[in-house]
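Chain and residue survey
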Amino acid sequence: MGSKVNAMIDRQARFAWYELLTTDMAAAKAFYRDVVGWDAQDASTATITYSLLTAGTPVAGLMELPEEGRRMGATPRWVGYVAVDDVDATADRLRQLGGAVFVPPTDSNIGRVSIVADPQTATLALVGGLKLDRRSEPYEPGQVGWHELLAADGAKAFAFYHELFGWQRAQAETETVPMESYQLFAAGGVMIGGIFTKLARVPVPFWLYYFNVADVARSAERVRAGGGKVAQGPTELPDGSWIVRCVDPQGAMFALQGESSHRSVEQPPAQLGWSAEWGGFASRGRVIAAAKPKPDPKPDPKPKP
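Residues numbered from 1 in each chain as written. Predicted model: local features only at pLDDT ≥ 70, side-chain atom pairs only at ≥ 80, totals over all residues. Heavy atoms only, no water.

What follows deals with the sheet that holds strand β8 (residues 123-128). Two pairing modes exist for strands in a sheet, parallel and antiparallel, and in both the strands are linked by backbone hydrogen bonds. In space, the eight strands of this open sheet follow the order β2-β3-β4-β1-β5-β8-β7-β6, with mixed pairing throughout. Among the strands making up the open sheet, the edge pair consists of β2 (39-42) and β6 (100-108). Looking at each pair of strands side by side, their axes are set apart by 25° on average, direction ignored. (Pairing = 2+ DSSP bridges. Helix = DSSP H or I, 4+ residues; strand = E, 2+ residues; numbered from the N terminus. Axes fitted to C-alpha atoms, helices over the stretch in contact; angles between N-to-C directions.)

So this is what it looks like as structure tokens:
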């Protein structure tokens, strides 16, 4: 939350900023540089050590997981910030809808922020007046192209976010029948993610963020070489794009999406099943879609599990 400000942007009700809370900032910088291609820029203040992860312009922040959080059992994780007009009013409304406020609305270098959780305990953040030079397309390499919520109850989770942010139900262009187990959602008419019910053995609900890379197969190899783990994939989707779900060396979960130079996996059938194990975490789902030619020149930024 300690980044420098450059230019005002308007991303209301959309994820506008991301932060990695980790136990080893130096190792995280090197890992994500090799895997995603991010550069690191120091943006520390007198009270906090903070770095920007950049792909031409800032994409995310990087900071140490607070000691108090570690004592309470918090582990490294990615946190996404949703841009809102009024952080204080939105935090109050979130409480009324059954959510929790961990960090009350506070002024910071990136704007007014608040760390919150939805009624099912999935953590995210709010930001108002965000000032960052983030003029980029969501499918460009190095950007965050998809947002996925593993919820305790997918239907109830979508109802909560619809009420809080006004998110709308969305439908994939390649979908041939309704994906009842995976609710695509849009903000301001732009599809940005999906929500589904996690397996019962998953300890807690959480948000998973997909980072765009030029070559999923090569990035997956770099995940392993850098001490991370590939939990699932690379997997080819019916629309021709590829995804891989990973865990970084400090334990933060993330995913990658894009093209792939290694095409050893056959074109999937119209019905694609998948299951992913994250150590103690797991998720499972299904997408039914009609295959279509691989996009040219950019991969479809909308992964569907």
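So, about the layout of surface pockets. Over the atoms a probe the size of a water molecule is rolled, and this reveals where empty space is left. What the largest pocket holds in volume is close to 1200 Å³. Going through the elements one at a time, β1 (15-22), α2 (67-71), β5 (77-83), β6, β7 (111-117) and β13 (206-213) are the ones with two or more residues in the lining of the largest pocket. The element contributing the most residues to the lining of the largest pocket is β6, with five residues. Here the lining of the largest pocket is composed, by residue class, of 27 nonpolar, ten polar and four charged. (1 Å grid on protein atoms, 1.4 Å probe; cavity = no way out; pocket = protein on both sides within 12 Å on 5 of 7 lines; lining within 4 Å. Points joined across faces, edges and corners; volume = space filled by probe spheres on them. Nonpolar A, V, L, I, M, F, W, Y, C, P; charged D, E, K, R; others polar.)

Direction vectors running N to C along helix α1 (residues 25-35) and helix α5 (residues 216-225) enclose 155°, while the axes themselves pass 8 Å from each other. Classified by the interaxial angle, the pair formed by α1 and α5 is roughly antiparallel. Crossing hand, α1 versus α5: right-handed. From α1, Phe31, Asp34 and Val35 reach across to α5, where they touch Ser219, Arg222 and Val223. Here the residues of the contact of α1 with α5 are counted per class, giving three nonpolar, one polar and two charged. (Parallel < 35°, antiparallel > 145°, perpendicular 65-115°, else oblique. Left-handed = near helix turned anticlockwise from the far one by under 90°. Contact = heavy atoms within 4.5 Å.)

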